[in-house]
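# Survey of secondary and tertiary structure
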Amino acid sequence: MSLSAKTVPSVLTMLQEDHRKVEALFEEFKAAKHARTKQRIVETALQELGVHAKIEESLVYPAIREALEDEEDLMDEALEEHHIVHVLIRELKRMKPSDERFDAKFTVLGESVKHHVEEEESEMFPKAEDAAIDWVGLEVKMSRRKEQLLSKLLLKKVWEDIQPMAGLLTRD
């Protein structure tokens, strides 16, 4: 197999960069004092986690699962950890910083993500590095998918920003 040494780390580095980004957001949240700041941090973290999870679940995990046939338990556990994260994300999206358990729920999300990241980076990624995976193809697919997901988020944000103005334009 012709494998670029640069590509394997590139795929895993992309994921690890996402991990560092959300870890920094969880730390920033701990220091935040104001509700608006907390809300901005949580919204950003939830978007980052959503994009990251979609990429892992649709592209990375299937490629690793196929290559690491004897690691079904590892892959199943990673998906169950994602499930917990998705549940917490859904709940946080319906909450405001003034809600009684908002801070606690975001903290629990951070702890869950931290545990998941530690397992990925210490167990899954080292095993995957040595696996027969089309790293070049995976890198291309990941980059495209991330760009699509981020574009979709941006369009949604723009729409949310202009929607109130559209109501002003249609009034008599």
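Residues numbered from 1 in each chain as written. Predicted model: local features only at pLDDT ≥ 70, side-chain atom pairs only at ≥ 80, totals over all residues. Heavy atoms only, no water.

### Some details on the overall build of the protein chain
In terms of regular secondary structure, the protein chain is built from 5 helices and 0 strands. Each helix (α) and strand (β) of the protein chain, taken in turn from the N terminus, gives the series α-α-α-α-α. Split into buried and exposed, the 172 residues of the protein chain put 38% on the buried side. (Helix = DSSP H or I, 4+ residues; strand = E, 2+ residues; numbered from the N terminus. Buried < 20%, exposed > 50% of the residue type's maximum accessible area, 1.4 Å probe, protein only.)

### A short note on the side chain of Glu 119
Within the secondary structure layout, Glu 119 lies in helix 4 (residues 102-129). For the buried Glu 119, which has no salt bridge, the nearest side chain bearing the opposite charge is Lys 127, at an N-O separation of 10 Å. In contact with Glu 119, not counting residues within four places along its chain, are Glu 77, Glu 81 and Met 124. (Lys, Arg positive; Asp, Glu negative; His and termini not counted. Salt bridge = Lys/Arg side-chain N within 4 Å of Asp/Glu carboxyl O. Contact = heavy atoms within 4.5 Å.)

### Regarding the environment of Lys 141
Residue position: Lys 141 is located in helix 5 (residues 135-170). The spatial distance from the C-alpha of Lys 141 to the C-alpha of Leu 59 is 7.6 Å, given a sequence separation of 82 residues.

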